[in-house]
2 protein chains.
Amino acid sequence: MIEGELREDLHIKWDRMRSEMRAMGIEACLLSVDVNLYYATGRVYNGYFYLSIEDEPWFFIKRPNGYSGERVVYIRKPEELPERFAERHIRMPRSLLLEADELSYTEYMRLFSIFRPEKAENATRFSRKLRQVKTPLEIKRFRISARKHEATYREIPACFRPGMTDIELQIEIERRMRKNGSIGLFRAFGANMDIYMGSLLAGANAEEPSPFDFALGGGGLDASCPLGANGTVLKDGTAVMVDMAGNYTAYMTDMTRVFSVGRLPDEAYRAHQVALAIQAEIANAARPGSACSELYDIAARIAEREGLSDNFMGTKQQAKFVGHGIGIQINELPVLTPRSKEVLEPNMVFALEPKFVIPGVGAVGIENSFLVTDTGVEKLTVFEEEIIPLDK
Amino acid sequence: MIEGELREDLHIKWDRMRSEMRAMGIEACLLSVDVNLYYATGRVYNGYFYLSIEDEPWFFIKRPNGYSGERVVYIRKPEELPERFAERHIRMPRSLLLEADELSYTEYMRLFSIFRPEKAENATRFSRKLRQVKTPLEIKRFRISARKHEATYREIPACFRPGMTDIELQIEIERRMRKNGSIGLFRAFGANMDIYMGSLLAGANAEEPSPFDFALGGGGLDASCPLGANGTVLKDGTAVMVDMAGNYTAYMTDMTRVFSVGRLPDEAYRAHQVALAIQAEIANAARPGSACSELYDIAARIAEREGLSDNFMGTKQQAKFVGHGIGIQINELPVLTPRSKEVLEPNMVFALEPKFVIPGVGAVGIENSFLVTDTGVEKLTVFEEEIIPLDK
């Protein structure tokens, strides 16, 4: 069912998966969550991907109809798997990886009782670990997303009309995103990560805490989704932080720019320069072997030195990270956080987002997506980094 | 933390929850999934809602900062709960409902090992059962969604330009939705229910099977989200089925209308009339006490009688339901499916969607949201039901 460039990409991934399973002393993995299926098969289906250390993968599919291939097996329910395994002389694994952090308890127990492995380990941790180091095809897709992400941001000043609210501006940006090829879905890992197309924060709303684990909050428009734009009028002296999704391929870039309406207070421009300095210093330090905790510390130290600790990554509620891995989900590994034990490796891709909230004005700062190269990092999202006036 | 109309609404829900727990012989429930928190507290936060049969609820909150109230308790992690319980003389429950179909295996086991109940039952099933019968405030919100949903559909012909593709039309509709107050998020229950703002299907794409459990499929624009519009040009003779979300409040209406470009083949108009007849017959039969399976059978019988069974709810892949409960999620209970054991009750709200796929032309049919009254059903979404020409 798979051809060409994608086939090559999947073989790289399957080889890595088998190596990792061998290192873990595990015989096989069974994946069924959308993002893991997309990673392992290049598509999303309703069913299972099964890979053992000793064999090529099997694709067990419930829906959609119409796939073919010698290793494609249609099933109605997972309880059929042992019989399908037996017919094809696939050995039932004694140790198995199941997506413990993604499958519901009910679904996990169902699969566990079908396979009854002597040992079960966490396929979510396995897959998130592997997914953080990107393949050439994945990096190519990030580059496509980056170009379209930049193109959309270039159109933002044309979306602005005096007297607009934050959400009115966001709606126009969403339309440009879609016209530039945004696939719409914004995938995040974990519960309570509700978001729609990204975040646009202006004025006092930038201080509002949100329940979610994003860098900044915002009150949102409805109690059922308390995040982002809240109807703030974009009046003179307002900073508008645009952090809209880079979901132009399944591999999302992450990029934030700040726009201004009228002249902002001097402290906003100054804090913005501090954010740019943090970005420059971290980008300069980051390379294979860099400890993510130390990269965070660079940011915290500069914020402190500049007297901006109380504004760093929020005010009323402060996020305890300055960057995060990106990929099929917006919050992949590694995380640039004080207690991280992670270390950068070549072909990791992460977003770096030093931001400051200026009460009553809005948020300033920067976010770009970076690829870890053999010797340092490459900025994937290239676009004007100063505060951009909307009303010129 | 809660006032006025919402307070009254929540008291109705808490009373129902306690009654249901008493009937189940369960002492308490612990909820933490976004939709259940919204149902039980009127907002989404990162934390837990705890309700026992003998007491008022407790709100244990991790984020956001800033809530207050005598029953609001801030925690950093769930492991603190036993201590917080002890300090407040809350008895640890011997039997407990946990969200088994929604929490990840890891999170479920974590909570289970903190509470160590002698008996744990499924809070997902509990909550989905309760949530299917709506409160007055919930119904009021459906009515708000319905008015805005209708307003958006009224604007659809103005979105059309000759030569457009399906996705170009969808983008313009999305913009109108957002301007009319769509909150963006489209919540669905269960894994593998990826969708963005709804579905627009035109021409041959209406036949394409999708992995997801929606009424119809469509190939989509990217392998990472194989559903809906796929870039089909809206040329003469094409039926355009618009099934975009009614997410104008947290309570989503569901509504489908068919639009035409040029003159469609006669069989499309005929099948559309059959769908309208199915809707009329089911709406006429439906009342408290109606078996959902029998309502499905009405649809299947008419489709069969009219020689349209092979086109009913798809061709290459056919959905086995003709309606479904709606609410905070688009796929609530009950489900109008052949093997359903569910029976309609007053204040249930469901979408009824008899649809036929005409190969090469598109999909025709209808979908509306219905409220079960004491004696029958009331159509909540009122708008032109014939096929609407886009190019007049």
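What counts and how
Residues numbered from 1 in each chain as written. Chains lettered and ligands numbered in written order. Predicted model: local features only at pLDDT ≥ 70, side-chain atom pairs only at ≥ 80, totals over all residues. Heavy atoms only, no water. Helix = DSSP H or I, 4+ residues; strand = E, 2+ residues; numbered from the N terminus. Rg over C-alpha atoms; globule rule 2.2 N^0.38 Å. Buried < 20%, exposed > 50% of the residue type's maximum accessible area, 1.4 Å probe, protein only. Areas by Shrake-Rupley, 256 points an atom, 1.4 Å probe, with all protein chains shown as cover. Lys, Arg positive; Asp, Glu negative; His and termini not counted. Charge placed at Lys NZ, Arg CZ, Asp CG, Glu CD. Polar contact = N/O pair within 3.5 Å; in protein donor to acceptor, adjacent residues only side chain to side chain. Contact = heavy atoms within 4.5 Å. Expected span 1.5 Å × (residues − 1). Pairing = 2+ DSSP bridges. pLDDT = per-residue confidence, 0-100. Least-squares fit on C-alpha atoms with pLDDT ≥ 70 in both. Axes fitted to C-alpha atoms, helices over the stretch in contact; angles between N-to-C directions. Phe/Tyr/Trp six-rings, centres within 6.5 Å; stacked < 30°, edge-to-face > 60°. Buried area = accessible area lost by both parts, 1.4 Å probe. Salt bridge = Lys/Arg side-chain N within 4 Å of Asp/Glu carboxyl O.

We now examine the overall build of chain A. The number of helices and strands found in chain A is 10 helices and 17 strands. Scaling as 2.2 N^0.38, a compact globule of 392 residues should have a C-alpha radius of gyration of about 21 Å, and chain A matches this with 22 Å. Seen through its C-alpha atoms, chain A measures out along the principal axes to roughly 70 × 40 × 40 Å. Relative to its 392 residues, chain A shows a buried fraction of 63%. Counting only carbon and sulfur atoms, one obtains 48% of the accessible surface of chain A, whose full area is about 14400 Å². Both charge centroids of chain A, one from 49 positive and one from 56 negative side chains, sit 4 Å from each other.

All names here are of chain B. Along the polypeptide, Ser145 turns up in helix α6 (residues 136–154). Owing to a relative accessible area of 0%, Ser145 belongs among the buried residues under this scheme. In this structure the side chain of Ser145 is engaged in a polar contact, spanning 2.8 Å, whose partner is the side chain of Thr249. Each residue touching Ser145, except ones within four places of it in the same chain, is listed here: Gly246, Tyr248, Thr249, Tyr251 and Thr253.

Attention now moves to helix α8 (residues 166–179) of chain B. All names here are of chain B. Between its terminal C-alpha atoms α8 stretches 20 Å, which fits the 20 Å expected from 14 residues at 1.5 Å a residue. Burial analysis of α8 places 10 of its 14 residues in the buried class, the great majority of the element. Asp166, Ile167, Leu169, Gln170, Ile171, Glu172, Ile173, Glu174, Met177 and Arg178 are the residues of α8 that are buried. Of the residues flanking the end of α8, it is Gly181, one or two places downstream, whose phi is positive at about 110°.

This paragraph deals with the pairing of strand β14 (residues 362–365) of chain A. Residues and elements named next belong to chain A. Pairing of strand β13 (residues 355–358) with β14 involves four bridges; the strand directions are antiparallel. Bridging across to β14, Lys355 finds its partner in Gly365. The antiparallel pairing of β13 with β14 creates a hairpin that spans three residues between the two strands, and Gly360 there sits at a positive phi of about 80°.

What follows is about the confidence of the model for chain A. Mean pLDDT over chain A works out to 96, with 99% of the residues at or above the 70 mark. Interface scoring of the predicted complex returns ipTM 0.96; its pTM is 0.97.

Here we come to the relation of the copies chain B and chain A. Mapping chain B onto chain A calls for a screw motion: a turn of 180° about the axis and a shift of 0.0 Å along it, with 0.0 Å RMSD after fitting. Read as a symmetry element, the transformation amounts to a two-fold axis. An overlap of 100% is found between the interface residues of chain B and their copies at the interface of chain A, pointing to a shared contact surface.

Okay, the sheet that holds strand β16 (residues 377–379) of chain A next. Residue and element names in this part refer to chain A. Here we have five strands laid out as an open sheet, ordered β11-β10-β12-β15-β16, and antiparallel in their pairing. Lying at the two open borders of the sheet, with one neighbouring strand each, are β11 (332–336) and β16. For this sheet the average axis-to-axis angle between neighbouring strands, irrespective of direction, equals 30°. Note: strand β12 (residues 349–352) against strand β15 (residues 368–372), four bridges, orientation antiparallel. In the sheet register, Phe350 faces β15, and the bridge partner there is Phe370. Strand contacts of helix α9 (residues 266–285): β12, β15 and β16, with the helix running at about 10° to β15, the strand carrying the most contacts.

What follows is about the packing of aromatic side chains. A complete count under the given rule lists 34 aromatic pairs over all chains for this structure. Plain terms: the ring middles of Phe49(A) and Phe59(A) are 5.9 Å apart, the flat faces sit at 55° to each other, and that makes the pair tilted. Note that Phe49(A) is positioned in strand β2 (residues 46–52) and Phe59(A) in strand β3 (residues 58–63), a separation of 10 residues in sequence. Judged by relative accessible area, Phe59(A) falls into the buried class, the value being 6%. One aromatic cluster is present, formed by Tyr105(A), Tyr108(A), Phe112(A), Tyr105(B), Tyr108(B) and Phe112(B) through successive ring pairs.

Taken together, the contact pairs 51 residues of chain B with 51 residues of chain A. In total, about 4300 Å² of surface goes out of reach between chain B and chain A, with carbon and sulfur atoms giving 54% of it. It is Tyr105(B), Arg178(B) and Tyr196(B) that lose the most area in chain B upon contact with chain A, and together they represent 17% of the buried surface on that side. One can count nine salt bridges joining chain B with chain A. Close ionic contact of Asp213(A) with Arg63(B) constitutes a salt bridge, the shortest N to O distance being 4.0 Å. Across the contact surface, chain B and chain A share 25 residue pairs in polar contact (both at pLDDT 80 or more). Contributing elements (two or more residues each) for the side of chain B that touches chain A: α2 (34–41), α4 (105–115) and α8 of chain B. For the side of chain B that touches chain A, the element with the highest residue contribution is α8(B), accounting for eight residues.

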